[in-house]
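Geometric and topological summary
Take a look at the letters that make up each chain.
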Amino acid sequence: MPFGSKCVLVTNGNLPSMLALADWLRAHGHQLEKVYVTYRLPSSKSNVSGALSILKTSGLSYLWFKLLLNKVMPWLLRLRGLPYSVESYIQRLGLDVPVALVDSVKSAAFLDELKSLEANCLVSFSATQRFPEAMIRLFPAGAVNTHYGALPQFAGLSPYFWHLQQGEAEFGVTLHRIEEALDAGGIIRQVKDSVAPSNDCLDLLLRMANHVSPLLNQLFSGELSQDKLSIQDLSKRTYFGHPSRADMRLFKKNGHRMTSLSALARLVDTVQSKCPS
């Protein structure tokens, strides 16, 4: 059975994820059995407590960037009649694919439901929870994730911020198998591109997103396979969480920004270009 038949997607479902997955959804969305949206922020009991934690750790400009992409821009796009989330894009495509919120991917009820779907494979993108081994084993053809970073480097959160903050010359996007350890599975394929000319997080995020659907499409078409995985050298692993306020000060001191008017305009243009006629 080829990878892609009877597939489950697990994602945070937000606007950036919609942009990253749009071309893949257009090409292979009909192979989805169900989409699950992990709606809680990582390591938080609620999104409110998670937002307050981000504000305390990283400061207002970083929190505002998160709110801009997850609340403000989706609201504005919705007012204009444009898709603004993974679920709204699936609806715009006319796909008969159920979308459900999931509180915990570790709950017995969720795992039982996944098992009942008898799906062949799992695709994850920007999911906000780690998957237990019991969940990963449910998919005969395997479970894959696409990550913004040249793993084993830049594992963890907000790689678009950390590539700029660390002064990296290039970024990577990695398609890899999922293991219980976060971002640690064997690499199916990794692509790299120059960080320049990006100088703000949104611009770099949009450029990273351009590489996601092509990788997934290559896997689903059979051009890529899991037969020859590159095993990650975890001794070279770097992992990042949310930035501290000191990280943010250095980021701004080096002339970087979280977003720009040109990047926001490009975001809207990208949504319009991917919107089915």
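Each remark here, short or long, concerns the structure printed above.
Residues numbered from 1 in each chain as written. Predicted model: local features only at pLDDT ≥ 70, side-chain atom pairs only at ≥ 80, totals over all residues. Heavy atoms only, no water.

**Notes on the environment of Glu33**
The residue Glu33 is located in strand β2 (residues 32-38) in this model. When its relative accessible area of 29% is taken as the criterion, Glu33 is described as partly exposed. Sequence-wise, Glu33 and Asn70 are 37 residues apart; in three dimensions their C-alpha atoms are separated by 25 Å. With residues near it in sequence (within four places) discarded, Glu33 still touches Lys6, Cys7, Val97, Pro98 and Leu117. (Helix = DSSP H or I, 4+ residues; strand = E, 2+ residues; numbered from the N terminus. Buried < 20%, exposed > 50% of the residue type's maximum accessible area, 1.4 Å probe, protein only. Contact = heavy atoms within 4.5 Å.)

**Digging into the pairing of β2**
Of all seven residues in β2, six are buried, a share of seventy percent or more. Of the pairings in the sheet, the one linking strand β1 (residues 7-11) to β2 comprises five bridges and is parallel in character. For Leu9, the partnering residue across the bridge sits in β2 and is Val35. Handedness of the β1-helix α1 (residues 15-28)-β2 crossover: right-handed. Note that β2 and strand β3 (residues 99-102) share four bridges and pair parallel. Its bridge partner lying in β3, Val35 is registered against Val99. (Pairing = 2+ DSSP bridges. Right-handed = clockwise from strand over helix to strand, strands pointing away.)

**Topic: unusual backbone geometry**
Residue Pro152 is reached from Leu151 by a cis peptide bond, and omega for that bond is 15°. Its location among the elements puts Pro152 in the loop between β5 (142-148) and β6 (155-156). Following Ala196, the chain continues into Pro197 via a peptide bond in cis, with omega recorded as 10°. Looking at the element boundaries, Pro197 is found in the loop between β8 (187-194) and α8 (201-209). With a phi close to 55°, Glu118 is a non-glycine residue in the positive phi region. The topology assignment puts Glu118 in the loop between α5 (108-117) and β4 (121-125). Not every positive phi belongs to a glycine, and Asp183 is a case in point at roughly 55°. Mapping Asp183 onto the fold places it in the loop between β7 (170-177) and β8. The exposure class assigned to Asp183 is buried, which follows from its relative accessible area of 8%.

**Things to note about the packing of aromatic side chains**
Tallied over the entire structure, the rule returns nine aromatic pairs. Centre to centre, the rings of Phe154 and Phe240 are 5.3 Å apart; their planes meet at 20°, and the pair counts as stacked. Separated by 86 residues along the polypeptide, Phe154 in the loop between β5 and β6 and Phe240 in strand β9 (residues 239-240) bring together distant segments of the chain. Overall, Phe154 belongs to the buried group, its relative accessible area being 6%. Among the residues examined, Phe240 registers a relative accessible area of 15% and is labelled buried. Between the aromatic rings of Trp162 and Phe240, the centroid separation amounts to 4.7 Å while the plane-to-plane angle is 25°, which identifies the pairing as stacked. Of this pair, Trp162 sits in helix α7 (residues 159-165) while Phe240 sits in strand β9; the two residues are 78 residues apart in sequence, bridging distant segments of the chain. (Phe/Tyr/Trp six-rings, centres within 6.5 Å; stacked < 30°, edge-to-face > 60°.)

**A word on the pattern of salt bridges**
Here the structure, examined in full by the defined rule, presents five salt bridges. Two residues, Lys34 and Glu113, come together in a salt bridge whose shortest N-O distance is 2.5 Å. Pair noted here: Lys34 is in strand β2 and Glu113 is in helix α5, with a separation of 79 residues, a long-range link. The salt bridge partner of Arg266 is Asp203, with a shortest N-O separation of 3.1 Å. Of this pair, Arg266 sits in helix α11 (residues 261-274) while Asp203 is found in helix α8, placing the two residues 63 residues apart along the sequence. (Salt bridge = Lys/Arg side-chain N within 4 Å of Asp/Glu carboxyl O.)

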